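As a plain string of letters, each chain reads:
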Amino acid sequence: MTQHGRRPTGKEVGRRRVAAIDCGTNSIRMLVADLGADGHLTEVAKRFDIVRLGQRVDEHGSISRESFERARAVLAEYAGIITTASAERVRMCTTWISRRASNNDEFRTLVQETLGCAPEGITSDEEARLAFAGATSGLPQASYLVADIGGGSTQLALGTAGVVDRSVSVGLGCVRLTERHLRSDPPASGELAAVQDEITALADQALAELPDLSGTRLLGVSEAVGTVAALALPGRRLHHARMTYDQVDYVTERVLGMSFAQRQALPGIHTGMADVLPVSALGVRTVMQCSRAKELIISEHDILHGIAYSLS
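Reference entry: report on the structure contained in this document.

1. Regarding the nonpolar core
Argument step 1. Core analysis: the biggest nonpolar cluster contains 51 residues, and Met243 and Ile298 have the highest contact counts within it.
Argument step 2. Residues contacting Met243, with those up to four places away along its chain left out, are Val225, Val228, Ala229, Ala232, Leu233, Val248, Met288, Lys294, Glu295, Leu296 and Ile298.
Argument step 3. Val74, Tyr78, Val90 and Ala101 belong to the second largest nonpolar core, which has 29 residues in total.

2. Focus: the layout of surface pockets
Argument step 1. In this structure, the largest pocket spans a volume of roughly 470 Å³.
Argument step 2. Contributing to the lining of the largest pocket are 23 residues, with Arg29, Phe48, Ser222, Glu223 and Glu300 lying nearest its centre.
Argument step 3. Only strand 4 (41-50), strand 10 (217-221), helix 8 (223-232) and helix 12 (303-309) provide two or more residues apiece to the lining of the largest pocket.
Argument step 4. The dominant element in the lining of the largest pocket, judged by the number of residues it contributes, is helix 8, at 5 residues.
Argument step 5. Here the lining of the largest pocket is built from residues that sort into 9 nonpolar, 8 polar and 6 charged.
Argument step 6. Reported here for the second largest pocket is a volume of approximately 190 Å³.

3. Observations concerning empty space enclosed by the protein
Argument step 1. Enumeration according to the criterion identifies 2 cavities of 30 Å³ or more in this entry.
Argument step 2. One number sums up the size of the largest cavity: a volume of about 270 Å³.
Argument step 3. Along its surface, the largest cavity is lined by 24 residues, and Asp148, Ile149, Gly150, Gly151 and Glu223 are the ones closest to its centre.
Argument step 4. Looking at the lining of the largest cavity, the elements with two or more residues in it are strand 3 (27-36), strand 7 (143-149), helix 6 (174-181) and helix 8.
Argument step 5. Its residues placed into classes, the lining of the largest cavity shows 8 nonpolar, 10 polar and 6 charged.
Argument step 6. Quantified by volume, the second largest cavity comes out at close to 40 Å³.
Argument step 7. In terms of lining residues, the second largest cavity is bounded by Thr154, Leu156, Val170, Leu172, Ala203, Ala206, Leu207 and Val287.
Argument step 8. Among the elements that make up the lining of the second largest cavity, the one with the highest residue count is helix 7 (residues 189-208) (3 residues).

4. A look at the packing of helix 8 against helix 9 (residues 245-256)
Argument step 1. Contact geometry for helix 8 and helix 9: axes closest at 9 Å, N-to-C directions at 95°. Between helix 8 and helix 9, the crossing angle belongs to the class labelled roughly perpendicular. Facing helix 8, whose interface residues are Val228, Leu231 and Ala232, helix 9 presents Gln247, Val248, Val251 and Val255.
Argument step 2. Of the residues that constitute the contact of helix 8 with helix 9, the class distribution is 6 nonpolar, 1 polar and no charged.

5. Remarks on helix 9
Argument step 1. With 12 residues, helix 9 should reach 16 Å at 1.5 Å per residue; the first-to-last C-alpha distance of 16 Å fits that figure.
Argument step 2. For helix 9, the complete set of buried residues consists of Val248, Val251, Thr252, Val255 and Leu256. Axial view of helix 9: buried residues confined to an arc of 125°, hence all on one face. More than 90 degrees from the buried face of helix 9, the exposed residues found are Asp246 and Tyr250.
Argument step 3. Residues of helix 9 that are buried make contact with helix 7, helix 8, strand 11 (242-244), helix 10 (260-264) and helix 11 (277-291).

6. Comments concerning the side chain of Thr227
Argument step 1. Tracing the backbone shows Thr227 in helix 8.
Argument step 2. Every residue in contact with Thr227, bar those within four places of it in the chain, is listed here: Ile269, Met273 and Leu277.

7. As for the pairing of strand 2 (residues 15-23)
Argument step 1. Here strand 2 runs beside strand 3; their pairing, made up of 9 bridges, is antiparallel. For Ala20, the partnering residue across the bridge sits in strand 3 and is Leu31.
Argument step 2. With antiparallel pairing between neighbouring strands as the criterion, strand 2 and strand 3 make up a hairpin whose turn holds 3 residues.
Argument step 3. Here 6 bridges tie strand 2 to strand 5 (residues 89-94), and the two strands are oriented parallel to one another. Considered in strand 5, the bridge of Asp22 is made with Cys93.

8. Points about the pairing of strand 5
Argument step 1. For strand 5, the tally of buried residues reaches 6 of 6 residues, placing the bulk of the element in the interior.
Argument step 2. Side chains Arg89, Arg91 and Cys93 project from strand 5 onto one buried face, and the interleaved Val90, Met92 and Thr94 project onto a second face that is buried too.
Argument step 3. In this sheet, strand 6 (residues 120-121) lies alongside strand 5 in parallel orientation, the contact comprising 2 bridges. The residue bridging Cys93 from the neighbouring strand is Glu120, located in strand 6.

9. Some points on the sheet that holds strand 12 (residues 295-298)
Argument step 1. The strand order across the open sheet built from 6 strands is 9-8-7-10-12-11, with neighbouring strands paired in mixed fashion. Of all strands in the sheet, those bounded by a partner on one side alone are strand 9 (163-170) and strand 11. Direction aside, neighbouring strands of the sheet carry axes that sit 25° apart on average.
Argument step 2. In the sheet, strand 10 pairs with strand 12 via 2 bridges, with the strands oriented parallel. From the neighbouring strand, Leu219 faces strand 12, where its bridge partner is Ile297.
Argument step 3. Each of strand 7, strand 10, strand 11 and strand 12 touches helix 8; the most contacted strand, strand 11, lies at about 75° to it.

Cut-offs used in this document
Residues numbered from 1 in each chain as written. Predicted model: local features only at pLDDT ≥ 70, side-chain atom pairs only at ≥ 80, totals over all residues. Heavy atoms only, no water. Core = buried A, V, L, I, M, F, W, Y, C linked by side-chain atoms within 4.5 Å. Buried < 20%, exposed > 50% of the residue type's maximum accessible area, 1.4 Å probe, protein only. Contact = heavy atoms within 4.5 Å. 1 Å grid on protein atoms, 1.4 Å probe; cavity = no way out; pocket = protein on both sides within 12 Å on 5 of 7 lines; lining within 4 Å. Points joined across faces, edges and corners; volume = space filled by probe spheres on them. Helix = DSSP H or I, 4+ residues; strand = E, 2+ residues; numbered from the N terminus. Nonpolar A, V, L, I, M, F, W, Y, C, P; charged D, E, K, R; others polar. Axes fitted to C-alpha atoms, helices over the stretch in contact; angles between N-to-C directions. Parallel < 35°, antiparallel > 145°, perpendicular 65-115°, else oblique. Expected span 1.5 Å × (residues − 1). Arc of directions from axis to C-beta. Pairing = 2+ DSSP bridges.

The values are spatial; any link to function lies outside them.
Written as C-alpha cells, this is what we have:
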C-alpha cells in the first residue's frame with residue numbers, strides 16, 4: 001500500500017480516490033474508485049484480465065515465465081491508468097498464488113518494479129473478510145454466507161452484513177481442479193465423476209466447519225459465479241439477481257457435455273473462462289447443494305470492493 005499521485009484539492013475534501021487490485025490464480029483485476037466520507041463508493045475505472053498466474057502451479061510449485069510476462073504487461077497498463085486517474089492510495093492483494101508459489105519473492109519484485117508498490121500477500125481469513133465486506137455492502141442487515149469460488153481456492157465467510165463471524169478456506173479452485181482432472185474434450189464421464197467427488201468432499205469439509213446455516217442467505221461472488229449467472233440469466237442485470245438451484249443445475253448439465261470450442265462460443269462469457277467452465281459450474285452447483293440453498297444471490301461486488309473500502 002502506498003501513496004500515489006496528487007493530493008486532493010479543496011473541492012475534493014472528504015473524498016479519496018483509491019486503486020484496488022486483486023491478484024488471483026486465474027485473473028488480475030483493478031478498481032479505481034472515489035470513496036466519500038460517508039463510505040459511499042463511486043467506480044471510476046475497472047479492468048479484468050485473465051493472466052492465469054496459477055497455471056501449473058499446483059503441479060510444479062512455481063509461477064511460469066509466460067505467466068510472469070502476462071502479468072507484467074497487464075500491470076504496466078494498470079500503472080498508467082492509476083497515474084492518469086491520480087489515485088492517492090493503491091493496494092494490491094495476492095491470494096492463493098502468493099501462499100503456494102515458491103517464486104513469490106520474484107513476483108513481488110516484478111510488481112514493485114512495474115506498478116510502483118509491493119503486493120500484499122493476504123491470508124485466507126483476510127481474503128474471506130475482504131470478499132464479505134465487498135459483497136455485503138449496501139445489502140440489508142441479515143445473515144449471509146458468502147461463497148468466493150476462485151481459481152486456486154474457495155473461501156466461505158459467514159456473518160451479518162459487514163461483520164464476519166466465521167470463515168473457512170478449502171482447495172476448491174477452478175484452475176487447480178481443471179488441471180488435475182480434465183484431460184478430454186469434451187470431458188469424459190470418468191473425469192467428471194472424479195472432479196465431482198473431490199468438489200463434493202471439499203464443499204462438505206468446509207461447510208462442516210460452519211454452524212447451522214438456517215435462515216442464512218447464500219451470496220456468490222467471483223468469475224465462476226458470474227460466468228454461470230451469465231448463462232443462467234441471459235441479458236439480465238446480474239448484480240443482486242437471484243439464481244435458483246434448478247437454473248444452476250440446468251446450466252451445469254448443459255456445459256458438461258460441451259467441447260472447449262462450444263464453450264468458447266457461448267454468449268456473455270469471457271473466452272478465458274471457457275476451459276474452467278465445467279469445474280466452475282460444478283463448484284457453484286455443489287456449494288448450493290451441500291449448503292441446501294434453493295437460490296443464490298449474485299454479487300458483482302467482491303474482494304476488489306473490499307480492498308477499496310479498506311483504503312478509506
